[in-house]
Amino acid sequence: MDGSGIPPARSDRGEMAERIRTYDWSATALGAAETWPPSLRATISLLLGCGFPMIALWGPDLIQIYNDGFRDLMGLKHPAGLGQPSRDCWPEVWHINAPIYERVWNGETFTFEDALYPLSRAGRVEDAWFTLTYSPLRDETGDIAGILVTLLETTVRVLADRALRESEARFRAELERQVRERTAELQASRDLLKATMDSSMDMIQVFEAVRDPAGEIVDFQWLLNNHTSESRYGEVRGQSLLERNPGVVQEGIFDTFKRVTETGQPATAERRYVHEQFDGWFFQCAVKLGDGVATTTKEISAWKAAQEEVLRLRDNIAQAALRESEERFRALASLIPVLLWRSDESGQHNSLNEAWLTYTGQNLQQSQVGGWLEAVHPDDRDAAREAFRVGRERQRLIEVQQRIRRHDGEYRWFLVRQAPIVDAEGQVTQWIGAAMDIHDLHDLQERQAVLVAELQHRTRNLLGVVRSIAHQTMVQTGPTERFREQFNDRLAALSRVQGLLSRSEQEPITLRTLIRTELEALGGGDFADRIHIAGPPVHLRKASVQTLALAMHELATNARKYGALTTEHGRLSVTWRAARDDQGGGSLLIEWIEEGISRPREERSPTRRGYGRELIERAMPYALNAKTRYELGETRLRCAIELPLDERFGEMSTA
């Protein structure tokens, strides 16, 4: 086997490129490499050029072909895993993968975060966690011929998070021991406020490390800023952190970012930060993302001010309880915007503040001898009853999260705490309890989790697209001034797409907007009388915008530099039409026609057979299930792109 037809072994391809080239594929179900279809060769080129761990499983036997990143995850299974059926290589997780492969083979795509796989990579079975995506691979006929798996091992982070939680639990136990002599209400209020601050972060930023020639981190550069952060900092993408905010050195923020980037260990901190635009308290969490950090930050200045007032009120309540003054306790408790109560040593007879009675609609009699449980959600009652029973038996702090019914029947989440009051002899004389509404916190945490996942997903996808553009452009031009010009143009097109996507929630992206944006960016307004754009309203879904925009950019660039817009009599027509079928699907046909080309494109535009044409004829069928036709004549160019309008592939809808 001479390896012809396989990407050549080059130093920048790594070990796996050489192994794939020299492997005896004729002994596998794939057959000799010379007989491989172009789709398989393109897939191998894609995964070898990608820095993320990737593996292609080709054919009914799911024959394995992987890159250097995936090789590093295999342990002792490499190099025997190359060319081996997936089931033979990974029998210990076949029961997990088999159902997924079956559904992907039927056209579905799956993404899992922190999925657990018991792998045997070092001679023994051990747990490993991965974030991974399973995608179908199609051949030239459009049929599914294999499966592409892109993954990232998160075992270290998962175990680190687990250790961090255990450390926090130990710290909380020690803290409770140290403050045992303080009143239970004071302790409860501080813990409640701490929980609120830990969970209420809404500024999101991503920074990339800037390193000197020795590899030392000397600065960070902004990559992404969400809208809330932009309202404070303004537009700072691409700017230096140290130049923009030199105070991060004195506050220790810069050293924290370096430590997180170098160790991968997340960090949280509460700081008062003075900036030229603001002065306040913030709670910040930093996690490693690529060669840099992603941070979420919540301003807690108002909470700090409220904390002093709440603590003052808690002290008044504790003093009233120590004097065993029922009337004074109820008077002060009525001022607190949380649900409060006091119980006897058995926990059966309660004295509640007005907030509890008003919220639940219960009267004092209904709340006695366990009657308060009627206001707790039926699914939470058993857990609440057991937590209070164990806490009273062990005479220790009781903490539980549960849903409590409002007087109008709506349930809301509360953080409930009850602590014992002991006398000088160590005997429990009464219990003080409080319930704080954390329903909005639950909603905020869910929205935050979705936002971070989307941010990470988009960042990974965007970096992958930029890497692919650079690689394909370099292949066509080499490291020349022409490479710089074309690469900058394509990055500008990508930036315009991201601008449209950032406004897509308020302003849906239409096909007409996408086409006009690219033409106007290249000076299309100067040729308005020679450009015809027509078609019905078509709203594009986010997943299809990026690839389609790059295709329009390549066509517009060639028209402006080499095609119809370079001659006085040239004409450009961009039209589209949509057709629906009986099943609710259909297709969208886009036609790009240039008339009056001065001479054949092959003589004037090397890129006509380069990245742009490669993107239209090969990438779009793969990424969008499109059908494309590229016809170049002596004086005329016609490019037709047909996209499915169904839910699965097109992700488009006609208005």
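For clarity, every value in this text was computed on a predicted model and none was experimentally measured. (Residues numbered from 1 in each chain as written. Predicted model: local features only at pLDDT ≥ 70, side-chain atom pairs only at ≥ 80, totals over all residues. Heavy atoms only, no water.)

Chemist: Can you walk me through the sheet that holds strand β5 (residues 144-153) in this structure?
Modeler: Backbone hydrogen bonds hold the strands of a sheet together, and the pairing may be parallel or antiparallel. The strand order across the open sheet built from 5 strands is β2-β1-β5-β4-β3, with neighbouring strands paired in antiparallel fashion. Each edge of the sheet is formed by a strand with only one pairing partner; in this case those strands are β2 (63-66) and β3 (110-120). Neighbour to neighbour, the strand axes of the sheet diverge by 35° on average, direction disregarded. Of the pairings in the sheet, the one linking β3 to strand β4 (residues 125-138) comprises 9 bridges and is antiparallel in character. By the bridge assignment for β4, Ala115 is matched with Phe130. On the sheet, helix α2 (residues 38-48) packs against β1 (54-58), β2, β4 and β5 and is oriented at approximately 165° with respect to β1. The strands touched by helix α5 (residues 94-105) are β1, β3, β4 and β5; relative to β3, the strand with the most contacts, the crossing angle is about 145°. (Pairing = 2+ DSSP bridges. Helix = DSSP H or I, 4+ residues; strand = E, 2+ residues; numbered from the N terminus. Axes fitted to C-alpha atoms, helices over the stretch in contact; angles between N-to-C directions. Contact = heavy atoms within 4.5 Å.)

Chemist: What is the right way to read helix α1 (residues 15-22) from this model?
Modeler: For an α-helix, the turn length of 3.6 residues means that residues three or four places apart are oriented alike. Turning to α1, its buried residues are Met16, Ala17 and Ile20. Angular distribution of buried residues about the axis of α1 spans 105°; they occupy a single face of the element. Along its buried surface, α1 packs onto α2, β2 and α3 (68-74). (Buried < 20%, exposed > 50% of the residue type's maximum accessible area, 1.4 Å probe, protein only. Arc of directions from axis to C-beta.)

Chemist: What exactly am I supposed to notice about the pattern of salt bridges here?
Modeler: As a working rule, side chains carrying opposite charge can pair if their charged atoms are close by. This structure, assessed with the given rule, holds 31 salt bridges. One salt bridge connects Arg389 with Glu393, and the closest N-O pair in it is separated by 2.7 Å. Here Arg389 pairs with Glu393, and both are found in helix α15 (residues 378-394), just 4 residues apart, close to one helical turn. Glu393 sits in the exposed class, given a relative accessible area of 55%. Notably, a salt bridge pairs Arg629 with Glu631, separated by 2.3 Å at the nearest N-O pair. (Salt bridge = Lys/Arg side-chain N within 4 Å of Asp/Glu carboxyl O.)

Chemist: Explain the environment of Thr517 here, please?
Modeler: Residue placement: Thr517 occurs in helix α18 (residues 511-521). When its relative accessible area of 22% is taken as the criterion, Thr517 is described as partly exposed. Distance in space between the C-alpha atoms of Thr517 and Arg496 is 7.9 Å, their sequence separation being 21 residues. Reaching out from Thr517, the side chain makes a polar contact with the backbone oxygen of Thr513 at a distance of 2.6 Å. (Polar contact = N/O pair within 3.5 Å; in protein donor to acceptor, adjacent residues only side chain to side chain.)

Chemist: Mind showing me how you'd approach the packing of α18 against helix α19 (residues 542-561) here?
Modeler: Geometry of a packed helix pair, given as the angle between the helix axes and the separation of the axes. Where α18 meets α19, the closest approach of the two axes is 9 Å, and the angle between their N-to-C directions is 40°. As judged from the angle between their axes, α18 and α19 are oblique. Between α18 and α19 lies a crossing whose hand is right-handed. Packed against α18, whose contacting residues are Leu511, Leu514, Ile515, Glu518 and Leu519, the element α19 presents Val545, Leu548, Ala549, Met552, His553 and Ala556 at the interface. (Parallel < 35°, antiparallel > 145°, perpendicular 65-115°, else oblique. Left-handed = near helix turned anticlockwise from the far one by under 90°.)

Chemist: What is the right way to read the confidence of the model for the protein chain from this model?
Modeler: Any residue range with low pLDDT should be treated as having predicted coordinates unsuitable for detailed reading. Taken residue by residue, the protein chain gives an average pLDDT of 79. The fraction at 70 or more is 77%. Every residue in residues 193-200 is under pLDDT 50, and counting partners more than four places away or in other chains gives 17 contacts. Within the model, the stretch residues 604-608 combines pLDDT values under 50 with 22 contacts to residues more than four positions away or in other chains. (pLDDT = per-residue confidence, 0-100.)

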